[in-house]
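The residues making up each chain are set out below.
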Amino acid sequence: SDSESESESQDSAGGGGDVPAASSAWRSVPPMSWSIGHVGGWVQTQGPRLAVYYPLFARQKVDGKVLLELDEGRLEKIGVVNFRDRRQLFERAQKLLNDTKKGSVALDTVVKPPSADGEDGGAQEGEEIIHFVTIAPYTSTAAGKLSFGKGEQMLLLEKVTLDWFKMRSGGGRVGLVPSNYIAPIAGPAHGGTALDMAAAPPPIEQMQKSPYDGRTMVCIASFSGAEPKLTLQIAEQVTVLGQKNEHWLQVRTEAGKVGLAPTNYLKLVETAPDGAEVWLRAIAAFQGSGRKLSLIKGETMKLVHRVNDNWFDVRKEDGSHGLVPSNYVEEYVPRPVLFRATAAYAGAPGKLKLTYGEEMTLIKRKTADWYEVVKANGE
């Protein structure tokens, strides 16, 4: 946890060994020329939370030149295992480097003293905002991600990616939160600076309920969209989550992507009544490609659903699944295939006992050696 990492970092920082005395003369020396002691003087002005890392810096011989070249990976190797502390040290060292390149070192990197209650007193100059508020409700669809309502306050633990932050809610729940659903708490009341969220996508609007919520729909034509609109392929199935307006539905694809889809590109998946199966037979050969299946005249297939007037989604007996042109197939009722036992069979668990000459109807072929059948008595 964050508190455990903090404890581990500060315990390791306080280890023994000869440490050069920190020098307050760092203000009058160019950072590139700082000694280890000068670095110590600078670190100790960064607030009590970061000052404890000076012994680690000293033992790793971090002078001014090394300090200005530090990145978060090197800081972690040095022993700064707490994410928040590592980020603050990196950002302040970068500020120091930028000021050095400009030819003047700003002395306002010295942070304010801690508040009377011993805490850091909120976000400080150059410190990353870690307190956020949710700007829209979000319902998690995967383990490890938090669901929340609008207006909840959360604590940042780690920026896992640009789009997902690891957060702790006010109720103590820890998990991933989409970064475009939260805003930093900043301003005079918190003494901090706003976190730059420009790289994150815009917040998704709160959706209204639709008549199709929870229903499965199929895309009747391919559609190319830009976020938050989805790109969909013909015959692709989606689940409806809500609607933005009468023209746009919020949907989730079978791959788990959530976004907007145009209502005139979708239709409800049609199912046969009472679970009845509809079989089709090819009346002519057809050469397909991609999602479109090739057909051999006379071959049979099961209808999955009618995508539109021109294309059917089907599954062939060999298991292949795709689209076929509606004018190349016709509905047909398969004739029952009858078998007669040519010898008696004693049966076994899951296998029927047979009497010589008894008849049965084929349901389907299970393997090369076994059929699934139904006998006249219903077995």
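Just so you know, these numbers come straight off a predicted model, no measurement behind them.

Caption draft 1: Structural context of the environment of Gly 144. Within the element layout of this structure, Gly 144 appears in the loop between β1 (131-134) and β2 (153-159). Exposure remark for Gly 144: the relative accessible area of 51% places this residue in the exposed category. With 31 residues separating them in the primary sequence, Gly 144 and Gly 175 have C-alpha atoms 5.2 Å apart. Each residue touching Gly 144, except ones within four places of it in the same chain, is listed here: Gly 175 and Leu 176.

Caption draft 2: Summary view of the packing of aromatic side chains. Throughout the structure, instances matching the rule amount to 12 aromatic pairs. Ring geometry for Tyr 138 and Trp 164: centres 6.4 Å apart, planes at 65 degrees, overall edge-to-face. One end of the pair, Tyr 138, is in the loop between β1 and β2; the other, Trp 164, is in strand β3 (residues 164-169), with 26 residues separating them in the sequence. Relative accessible area serves as the criterion here: at 15%, Tyr 138 is assigned to the buried category. Classification of Trp 164 as partly exposed rests on a relative accessible area of 23%. Between Tyr 345 and Trp 370, the aromatic rings sit 6.5 Å apart at their centres with planes inclined by 65 degrees, giving edge-to-face as the arrangement. In this pair, Tyr 345 sits in the loop between β16 (338-340) and β17 (359-365) while Trp 370 sits in the loop between β17 and β18 (371-375), placing the two residues 25 residues apart along the sequence. For Tyr 345, a relative accessible area of 34% translates into the label partly exposed. Its guanidinium or amino end placed over the ring of Phe 312, Arg 306 lies 5.5 Å from that ring's centre, counting from NZ or CZ. Lying over the aromatic face of Trp 370, Lys 351 brings its terminal NZ or CZ to 4.9 Å of the ring centre.

Caption draft 3: Just the pattern of salt bridges, in detail. Inspection of the entire model under this criterion finds 9 salt bridges. For Glu 299, the salt bridge is made with Lys 316, and the minimal N-O distance between the two is 3.0 Å. One end of the pair, Glu 299, is in the loop between β11 (279-282) and β12 (300-306); the other, Lys 316, is in strand β13 (residues 311-316), and 17 residues separate them in sequence. Judged by its relative accessible area of 12%, Lys 316 falls in the buried class. Between Glu 359 and Arg 340 there is a salt bridge, and its shortest N-O distance comes to 2.7 Å.

Caption draft 4: Representation of unusual backbone geometry. Despite not being glycine, Lys 61 has its phi angle at roughly 55 degrees, a positive value. By the element assignment, Lys 61 lies in the loop between α4 (54-59) and α5 (64-68). Note on Lys 61: relative accessible area 59%, which makes it exposed. You will see that Ala 235, though not glycine, has its phi angle at about 75 degrees, which is positive.

Caption draft 5: Spatial organisation of the pairing of β18. Bridging between β17 and β18 involves 5 bridges; their strand directions are antiparallel. Bridged to Thr 361 within β18 is Val 374.

Caption draft 6: Up close: helix α2 (residues 36-43). By the criterion of burial, α2 is predominantly enclosed, with 7 of the 8 residues buried. Within α2, the full set of buried residues consists of Gly 37, His 38, Val 39, Gly 40, Gly 41, Trp 42 and Val 43.

Caption draft 7: Representation of the sheet that holds β16 within the structure. Strand order across the open sheet formed by 3 strands is β16-β17-β18, with antiparallel pairing between neighbours. A single partner strand is all that each edge strand has here, and the edge strands are β16 and β18. Strand after strand, the sheet turns through a mean of 45 degrees between neighbouring axes, direction not considered. As paired strands, β16 and β17 are joined by 3 bridges and run antiparallel to one another. Opposite Phe 339, over in β17, you have Met 360 as the bridge partner.

Caption draft 8: Structural view of the environment of Gly 290. Along the chain, the position of Gly 290 falls in the loop between β11 and β12. Classification of Gly 290 as exposed rests on a relative accessible area of 84%. Distance from Gly 290 to Leu 323, taken between C-alpha atoms, is 9.3 Å for residues 33 residues apart in sequence.

Caption draft 9: Just the sheet that holds strand β8 (residues 248-253), in detail. Strand order across the open sheet formed by 5 strands is β9-β8-β7-β6-β10, with antiparallel pairing between neighbours. A single partner strand is all that each edge strand has here, and the edge strands are β9 (258-262) and β10 (266-268). Across the sheet, the mean angle separating the axes of adjacent strands is 50 degrees when strand polarity is ignored. Bridge analysis of strand β6 (residues 216-219) against strand β7 (residues 237-245) gives 3 bridges, and the strand direction is antiparallel. Paired with Thr 216 across the bridge in β7 is Thr 239.

Caption draft 10: Inspection of the nonpolar core at higher detail. Ranked by internal contacts, the top residues of the largest apolar core, which has 22 residues, are Phe 57 and Leu 67. Elements with a minimum of two residues in this core: α2, α4, α5, α6 (72-78) and α7 (83-102). For Leu 67, the residues in contact, after removing those within four places along its chain, are Trp 34, Val 39, Trp 42, Phe 57, Val 62, Ala 93 and Leu 96.

Caption draft 11: A look at the side chain of Arg 86. One can find Arg 86 in helix α7. Those residues in contact with Arg 86 that lie beyond four places of it in its chain are Glu 72, Leu 75, Glu 76, Val 80 and Val 81.

Basis of the calculations
- Residues numbered from 1 in each chain as written.
- Predicted model: local features only at pLDDT ≥ 70, side-chain atom pairs only at ≥ 80, totals over all residues.
- Heavy atoms only, no water.
- Helix = DSSP H or I, 4+ residues; strand = E, 2+ residues; numbered from the N terminus.
- Buried < 20%, exposed > 50% of the residue type's maximum accessible area, 1.4 Å probe, protein only.
- Contact = heavy atoms within 4.5 Å.
- Phe/Tyr/Trp six-rings, centres within 6.5 Å; stacked < 30°, edge-to-face > 60°.
- Lys NZ or Arg CZ within 6 Å of the ring centre and 35° of its normal.
- Salt bridge = Lys/Arg side-chain N within 4 Å of Asp/Glu carboxyl O.
- Pairing = 2+ DSSP bridges.
- Axes fitted to C-alpha atoms, helices over the stretch in contact; angles between N-to-C directions.
- Core = buried A, V, L, I, M, F, W, Y, C linked by side-chain atoms within 4.5 Å.

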